[in-house]
Amino acid sequence: QDVQSWNTLVAQGPVDGRLLGWAEVQARLAQDASRLNVGIVRLGVGVRLKHDIDLMAGYHYQHNDLGRDRSSDEHRAWQQVQAPLIRRADGFALITRWRLEQRSIVGADDLGWRLRMQLRIQQPLHGRGTAGPLLQSETFVALNSTDWGARGGFDQQRSFIGWLQPLGKRLNLEAGYMHVHLNRPGRNPGNHVLNVTLNRRLG
């Protein structure tokens, strides 16, 4: 059990017609939010199809500070599809996102494959573009085991409840509580996360 703080800056959306871009930096603080232990940079490009279906692919770099002068660096390729299952005129939306990752750890041999399945519900209280509650659930499944510690099967579950607050025409703040349930040998830990994301829409 740990209390953590995850802080994200992301710019994403159309950059030219149907061409999409994604740029993200993230800092995660652990040990009662007292120590920076994960830094992430994620970049991607994609295309928007009919009915707001987005296809994207990109690169993810992650530095992990494991404590006691230990650290690791991870490189990932990722591909994802995102689509609205429900989108109403009042701004209510139910969105699904499926992301496939290929993970490699510097100094290890195996390539880890992982599937991430997310559902997101947002309900503006006073029409499209206004503030309102936000719910997300994301399930992680490792598709194989690796020499660096990944175990095939269910990996983790992230459950988020929070608030989406517009700060401008293309700038939103998402903040709330996220519980991270980890499937690990022995007792399965659950981390309590203050999750804050500043989201800049490109188009």
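First, a word on what this report is: a plain description of the structure on this page.

What counts and how
- Residues numbered from 1 in each chain as written.
- Predicted model: local features only at pLDDT ≥ 70, side-chain atom pairs only at ≥ 80, totals over all residues.
- Heavy atoms only, no water.
- Salt bridge = Lys/Arg side-chain N within 4 Å of Asp/Glu carboxyl O.
- Helix = DSSP H or I, 4+ residues; strand = E, 2+ residues; numbered from the N terminus.
- Buried < 20%, exposed > 50% of the residue type's maximum accessible area, 1.4 Å probe, protein only.
- Pairing = 2+ DSSP bridges.
- Axes fitted to C-alpha atoms, helices over the stretch in contact; angles between N-to-C directions.
- Contact = heavy atoms within 4.5 Å.

Attention now goes to the pattern of salt bridges. For the coordinates displayed, the defined rule picks out 15 salt bridges. Between Arg120 and Glu174 there is a salt bridge; the shortest N-O distance is 2.8 Å. Separated by 54 residues along the polypeptide, Arg120 in strand 7 (residues 112-122) and Glu174 in strand 10 (residues 171-182) bring together distant segments of the chain. You can call Glu174 buried: its relative accessible area is 10%. Taken together, the shared-partner salt bridges connect Glu74, Arg76, Arg97, Glu101, Arg103, Arg114, Arg116, Glu138, Asp155 and Arg184 into one network.

Sheet architecture is closed into a barrel: 11 strands sit in the order 1-2-3-4-5-6-7-8-9-10-11, paired in mixed fashion. The average angle at which neighbouring strand axes cross in this sheet is 20°, direction not considered. Here 11 bridges tie strand 3 (residues 35-48) to strand 4 (residues 54-67), and the two strands are oriented antiparallel to one another. Each residue of the ladder has a partner; that of Ile40, found in strand 4, is Gln62.

This part takes up the environment of Gly21. Within the element layout of this structure, Gly21 appears in strand 2 (residues 19-30). Given a relative accessible area of 10%, Gly21 falls into the buried group. Residue contacts for Gly21: discarding those within four places in its chain leaves Ala11, Gln12, Gly13, Val15, Gly44, Met56 and Leu202.

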